[in-house]
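Residue strings, one per chain:
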Amino acid sequence: MHAMTTDSTLLERLQIDAQELLALEGLSDQTDAAVFLGGSLVEGLGNRSSDVDVFVVGNAEPRGENVHHAAGGLCSVHMLGNRRVDFEYWSEAVVSRIARKLASLTLHDEGPDNVALERRLDEIEICLLHRIRVGVPLLNEPRLTALRARFDYARLARFLVEVKLREIDDALEDLYGMLDDGDVDVGILRARDLLNVVCEAYCHHRGNTNVRRKWRSKILASLARDPEASEVAEQFWSLQLEAGQPLRSDREAWRKHLESCMRFANQVTDRIIA
Amino acid sequence: VSTLTERDVPVQSVRVRRRRYGKRICLILDNHYFDLDEVTDAIWTSCDGASSVAEIGERLHQGRGWALGPAVQATIATLAVLAREGLVTLVAGTAKTMEPLGSPTGVKS
């Protein structure tokens, strides 16, 4: 009998039988690894078409027939009914390396490694850390708890904020030039980039460590129970959905829109760095 | 800008961004960096596009325990520099004209 510790409500909601799921890879409580559900479904972000992601962190090898390398890990792909299920295997050595990287990360531009800030942690490493953080245990829950304790998530969030602040600066500098040169279409789209990055920066500032861009608005909405986040969300949507055609044909409306987006970025970053 | 009035409303330039590098706080306009001290930063962040010079001075007085007069004078002097450097614009008010500007400290380019 497996040591089932999963939130059964979640599995019921997903209409997944845990035994069937684990059997796809022959996983049991004898498996020398933390086994947990991760991915968008766990966070309430995904939809009925979303894949199920199972993470196996420790000393275990995939047993499926459809296995591929995934940047430091291995991914074994299955189908369970109509759902795709990915089992991601990560070794202790890789996890230790990422833990060391996070612990020694410098959060400003200078630093012993002299590497651009955004390259100091890979997106796939950040995703793994986040999934460990929010994972729902399937087997060996204490191992998942111990795994989480190895990472300073507040530090990770601060790193992500710093990276996003640089992206905001890039977008703002682009927009200054576009305003000067009247580069209308590119300016409109770059302003939307700016809004998106501001949204991501704010979510990281609030401690969220999910870096999947497609979920940014849902994450922001999940924060919007307090007045500040609610105000940020409202401005974000108001600027994102400002009518496109008048902006393209009316130069004054275009200029005002870009300036409003820039002002929004300045207001939110002021809150972030206060 | 040679004079400011109590009712003038300073507005942050949309092209200026405020950034923190460790303990250092800067305003960045194009490629020019302006280091801010704590008081100047407080004045800058009070420039919300709605507060008048007098209200910002009052806030400085309340927040720092300074006498009202020096707080307003410091606000005026600082805003004059911020305006001269293009970091804020001033929407004209209709109140009495303040004293000519002194030479403020706290903003270094």
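Here the structure is shown first, and the text comes after it.
Residues numbered from 1 in each chain as written. Chains lettered and ligands numbered in written order. Predicted model: local features only at pLDDT ≥ 70, side-chain atom pairs only at ≥ 80, totals over all residues. Heavy atoms only, no water.

Participant: What is the right way to read the overall build of chain A from this model?
Facilitator: Check the secondary structure of chain A and you find 11 helices and six strands. Counting only C-alpha atoms, chain A reaches 70 × 45 × 35 Å along its principal axes. Across the 274 residues in chain A, those meeting the buried criterion constitute 53%. Looking at chain A alone, contacts between residues at least 24 apart form 66% of all its contacts between residues at least 6 apart. Each charge class in chain A was averaged separately, 34 positive and 45 negative side chains, and the resulting centres sit 1 Å apart. (Helix = DSSP H or I, 4+ residues; strand = E, 2+ residues; numbered from the N terminus. Buried < 20%, exposed > 50% of the residue type's maximum accessible area, 1.4 Å probe, protein only. Contact = heavy atoms within 4.5 Å. Lys, Arg positive; Asp, Glu negative; His and termini not counted. Charge placed at Lys NZ, Arg CZ, Asp CG, Glu CD.)

Participant: Would you mind going over the sheet that holds strand β2 (residues 52-59) of chain A with me for this structure?
Facilitator: Where strands meet in a sheet, backbone hydrogen bonds hold them as pairs that are either parallel or antiparallel. Residue and element names in this part refer to chain A. As summarised here, the arrangement of the six strands in space is β3-β4-β5-β2-β1-β6, forming an open sheet in which the pairing is mixed. Of all strands in the sheet, those bounded by a partner on one side alone are β3 (67-70) and β6 (136-139). With strand direction ignored, the average angle separating the axes of adjacent strands in the sheet is 30°. Alignment of β3 against strand β4 (residues 73-80), held across four bridges, turns out to be antiparallel. (Pairing = 2+ DSSP bridges. Axes fitted to C-alpha atoms, helices over the stretch in contact; angles between N-to-C directions.)

Participant: How do you make sense of the nonpolar core when you look at a structure like this?
Facilitator: A general tendency of soluble globular proteins is for nonpolar side chains to be buried together. Residue and element names in this part refer to chain A. Judged by nonpolar contacts, the single largest core of 41 residues is most densely connected at I168, L194, L220, M262 and F264. When neighbours within four sequence positions are excluded, L220 is seen to be in contact with C199, Y202, C203, A229, V232, A233 and F236. If you look at the next biggest cluster of nonpolar residues, it comprises 28 residues, including V57, L102, C127 and L160. (Core = buried A, V, L, I, M, F, W, Y, C linked by side-chain atoms within 4.5 Å.)

Participant: How should I be thinking about the pairing of strand β1 (residues 32-38) of chain A in this particular structure?
Facilitator: Successive residues of a regular strand alternate their side chains across the two faces of the sheet. Residues and elements named next belong to chain A. The buried fraction of β1 amounts to six of the seven residues, a majority that puts the element mostly inside the structure. Alignment of β1 against β6, held across three bridges, turns out to be antiparallel. Its bridge partner lying in β6, L37 is registered against V136.

Participant: I would appreciate a short explanation of the environment of H69 of chain A in the present structure.
Facilitator: Residue and element names in this part refer to chain A. The topology assignment puts H69 in strand β3. Judged by its relative accessible area of 70%, H69 falls in the exposed class. On a C-alpha basis, the gap between H69 and Y89 in space is 9.6 Å, while along the polypeptide they are 20 residues apart.

Participant: Which parts of the structure should I look at to understand the interface of chain B and chain A?
Facilitator: Many structure descriptions define interface size as the accessible area lost when the parts assemble. Contacts between the two partners involve 10 residues from chain B, matched on the other side by 16 residues from chain A. Regarding the contact of chain B and chain A, the summed buried area is about 1300 Å², with carbon and sulfur atoms giving 39% of it. Considering only the surface of chain B that becomes buried against chain A, V14, R15 and R17 of chain B emerge as the three largest contributors, covering 51% of it. Counting the contacts that link chain B with chain A gives five salt bridges. A salt bridge links R15 of chain B to D180 of chain A; the shortest N-O distance between them is 2.6 Å. For the pair chain B and chain A, the interface holds 10 residue pairs in polar contact (both at pLDDT 80 or more). The dominant element in the side of chain B that touches chain A, judged by the number of residues it contributes, is strand β2 (residues 16-21) of chain B, at five residues. Grouping the constituent residues of the side of chain B that touches chain A by class yields three nonpolar, two polar and five charged. (Buried area = accessible area lost by both parts, 1.4 Å probe. Salt bridge = Lys/Arg side-chain N within 4 Å of Asp/Glu carboxyl O. Polar contact = N/O pair within 3.5 Å; in protein donor to acceptor, adjacent residues only side chain to side chain. Nonpolar A, V, L, I, M, F, W, Y, C, P; charged D, E, K, R; others polar.)

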